Amino acid sequence: MMSQISLLLTHLLFLPLTVCLLHPPPVHVPTLVPHVPTPLLRSHFSAHTQLDFTTHCNSSCFHRGEQEAQKEQLSEKLAFETLYADGSRTLTTVDVEGDDEQFEGNPFTQPPRARVKPRHKRVRRQIYGADGRFNIQGDNFLLDYPFSTAVRISTGCTGVLVSQQHVLTAAHCVHDGKDYVKGARKLRVGFLLPPNINGSKVTSSKRPLVRWVRVKRTRVPKGWIQGPQEVSMDFDYALLELRWPHRRPFMRLSVAPDSDDLAGHRIHFSGFDSDRSGQLVYRFCPVEQESSDLIYQHCDARPGASGSGVYGRVWDNSLERWERKVIGIFSGHQWLEIDGESRDYNVAVRITPLKFAQICYWVHGNRLDCAQD
């Protein structure tokens, strides 16, 4: 166990020697202009939570994000529903402000172009080879950043604290694309407390305690709510607003850079995998593939980790240093068929400039605080 912890700290606390010395240029974030919300009928809360979320994607699906750069299409997908604690809900449509060139291949607005790296065919899913996950135990880890930013969602998923009152998670944890899940009616967020919170001695067999807080409102992008159409992982994210602020550190958001601009070219996330009940589980791995909206990787994960905040060390221009920032949300598993070869990956939704603008508006409630340094 001690050797695992030592390895864990090595990767968390020290930057690799292979960090690129050329920092990425600033990213331009478009502006979202919301309209007056329109009241909707109350949800039936008829859907069932699907923790084991799996999709299939071919070449056209893989490159789809690059072809949908028209303002009208973007505005439709970036509209969003708001679900309130009393069961009422609204729809907010938006306009996307920016010059036309920003939506036609401008590298400072558009995410990296999809690219496929040659890989050997994988036949196992979710756990790849030796299990590379670590259980996080004890006060020194559970209450320390960045592990303290991971929270439980009462529907069985994971979330990440992104402000003093907001949690980012996967949309499929609260909505199946057609309706809200039954558990979203009285949605709660769980904060881990060490087993010795009352002075009892910590042992490896003791599980952390959980303090639950009610959710005030939930926001889901219209790009996820597809009606009768098949849901897409591209918009598998949702923001939960807590009834009361918390006092823990939170992790800031960032537009996901190209993997070559991540320190060590690797991502990290901590979640509540279903096969390790009650335990917070951490993992890290390199990015394998990238599309305009998704990050493909082989980080070991099981159902329950959905909604985990995927973070990397991103260069912060204002602080002039590398900072851990949330660049995606872990979604699930996808079979990718490219050039006649089927490959399987664990997949995260990448935070693009437009998604950053949308989530930032959800958090701050105005457009002035949503400029990316």
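Above this text sits the structure in question.
Residues numbered from 1 in each chain as written. Predicted model: local features only at pLDDT ≥ 70, side-chain atom pairs only at ≥ 80, totals over all residues. Heavy atoms only, no water.

## Some details on the nonpolar core
We apply this condition: Within this scheme, the nonpolar core is defined by two criteria: the residues are buried Ala, Val, Leu, Ile, Met, Phe, Trp, Tyr or Cys, and they are joined through side-chain atoms within 4.5 Å. Type-normalised accessible area, obtained with a 1.4 Å probe on protein chains alone, sets the label of each residue: buried when under 20%, exposed when over 50%, and partly exposed for intermediate values. Here a helix means four or more residues in a row that DSSP labels H or I, a strand means two or more in a row labelled E, and each is numbered from the N terminus. Contacts are assigned to residue pairs with any non-hydrogen atoms lying within 4.5 Å of each other.
Formed by 78 residues in total, the largest nonpolar core has its most connected members in Leu-168 and Val-189. By residue number, the principal contributor to this core is helix 6 (residues 353-364), which donates eight residues. Among residues more than four places away in sequence, those in contact with Leu-168 are Gly-159, Val-160, Val-162, Ala-238, Leu-239, Leu-253, Gly-307, Val-326, Ile-329, Ile-351 and Ile-359. Judged by nonpolar contacts, the second largest core, of 15 residues, contains Ile-295, Cys-299, Ala-305 and Ala-348.

## Some words on the state of the cysteines
Test applied: Cysteine sulfur pairs qualify as disulfides if the two atoms are within 2.5 Å.
Tallying each qualifying case throughout the model produces two disulfides. Bridging Cys-157 to Cys-173, the disulfide has an S-S length of 2.1 Å. Of note, the bridge from Cys-157 to Cys-173 carries an S-S torsion of about -95° and is left-handed in sense. Pair noted here: Cys-157 is in the loop between strand 8 (150-153) and strand 9 (158-161) and Cys-173 is in the loop between strand 10 (166-169) and strand 11 (188-193), with a separation of 16 residues, a long-range link. According to the relative accessible area criterion, Cys-157 is buried, its value standing at 2%. On the accessibility criterion, Cys-173 (0% relative accessible area) is buried. With a sulfur-sulfur separation of 2.0 Å, Cys-285 is cross-linked through a disulfide to Cys-299. Taking the sign of the S-S torsion, -105° for the link of Cys-285 and Cys-299, the bridge is left-handed. In this pair, Cys-285 sits in strand 15 (residues 280-290) while Cys-299 sits in the loop between strand 16 (294-297) and strand 17 (309-316), placing the two residues 14 residues apart along the sequence. A relative accessible area of 6% means that Cys-285 is categorised as buried. Owing to a relative accessible area of 1%, Cys-299 belongs among the buried residues under this scheme.

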